[in-house]
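Results of the structural survey
What follows is each chain in one-letter form.
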Amino acid sequence: MDINDISWLLGRLPLPKHGGGLPFSKGVINPWRVIGDYELFIFTGGGALMEVEGTAYPCPDRSFIIMRPAVRHLSTCLGQSVFVRWVHFDWEPGGPAMDGAKTGGGHGWPIAG
């Protein structure tokens, strides 16, 4: 198998359901919640913290994290402000190098959840 071949991924790319982006001031961005689909969060212009079922994931400027469905999570702006973009989607991860893996966060972190 060619490790640079991503053709298997092309049939698995998720279609966005909905999304958006807003600036947030210091404090809670989203209170504790559980959602029914995957959600990609992208943090720019400041830092944030994503708490996921007892584990804290720092989200510095220009980072991202993918939240799994049915996972309790809370996000907080740590500085004066942060701009958060998000998109909700359904996804069936897998493929030759990913089957059974739990990877994919912004800086090599696990997918939250």
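In this report, the structure presented in the accompanying data block is examined.

Within the secondary structure, Asp37 sits in the loop between strand S1 (16-33) and strand S2 (38-44). For Asp37, a relative accessible area of 6% puts it in the buried group. In this structure the side chain of Asp37 is engaged in a polar contact, spanning 3.1 Å, whose partner is the side chain of Lys17. Of note is the side chain of Asp37, whose polar atom sits 2.9 Å from the side chain of His88. Leaving out residues up to four positions away in the same chain, Asp37 has contacts with Lys17, Met67, Arg68, Pro69, His88, Phe89 and Asp90.

With that settled, consider the packing of aromatic side chains. According to the stated counting rule, one finds two aromatic pairs in the structure shown. Taking the centre distance of 5.8 Å and the plane angle of 15° together, the rings of Tyr38 and Phe89 count as stacked. Note that Tyr38 is positioned in strand S2 and Phe89 in strand S6 (residues 73-89), a separation of 51 residues in sequence. Of the two residues, Tyr38 and Phe89, neither departs from the other in class, the shared state being buried. Taking the centre distance of 6.2 Å and the plane angle of 15° together, the rings of Phe41 and Phe43 count as stacked. A relative accessible area of 2% means that Phe41 is categorised as buried. For Phe43, a relative accessible area of 1% puts it in the buried group. For the cation-ring pair, Arg72 lies above Trp32, with the distance from its terminal atom to the ring centre recorded as 4.1 Å.

Its identity as a non-glycine residue notwithstanding, Glu53 has a phi of 45°, on the positive side. Within the element layout of this structure, Glu53 appears in the loop between strand S3 (48-52) and strand S4 (55-59). The phi dihedral of Arg62 falls on the positive side, at around 70°, and the residue is not glycine. Its location among the elements puts Arg62 in the loop between S4 and strand S5 (63-67). Given the relative accessible area of 71%, Arg62 is considered exposed.

Turning to the pattern of salt bridges, a few remarks are in order. Counted by the stated rule, this structure contains three salt bridges. Close ionic contact of Asp37 with Lys17 constitutes a salt bridge, the shortest N to O distance being 3.1 Å. Of the two residues, Asp37 sits in the loop between S1 and S2 while Lys17 sits in strand S1, which places them 20 residues apart along the sequence. Using a relative accessible area of 45% as the deciding quantity, one classes Lys17 as partly exposed. The partner of Glu39 in a salt bridge is Arg33, with the nearest N and O atoms 2.8 Å apart.

A word on the environment of Pro60. Relative to the elements of secondary structure, Pro60 occurs in the loop between S4 and S5. Each C-alpha atom of the pair Pro60 and Val82 lies 9.5 Å from the other, and the pair is 22 residues apart in sequence.

Conventions and cut-offs
- Residues numbered from 1 in each chain as written.
- Predicted model: local features only at pLDDT ≥ 70, side-chain atom pairs only at ≥ 80, totals over all residues.
- Heavy atoms only, no water.
- Helix = DSSP H or I, 4+ residues; strand = E, 2+ residues; numbered from the N terminus.
- Buried < 20%, exposed > 50% of the residue type's maximum accessible area, 1.4 Å probe, protein only.
- Polar contact = N/O pair within 3.5 Å; in protein donor to acceptor, adjacent residues only side chain to side chain.
- Contact = heavy atoms within 4.5 Å.
- Phe/Tyr/Trp six-rings, centres within 6.5 Å; stacked < 30°, edge-to-face > 60°.
- Lys NZ or Arg CZ within 6 Å of the ring centre and 35° of its normal.
- Salt bridge = Lys/Arg side-chain N within 4 Å of Asp/Glu carboxyl O.

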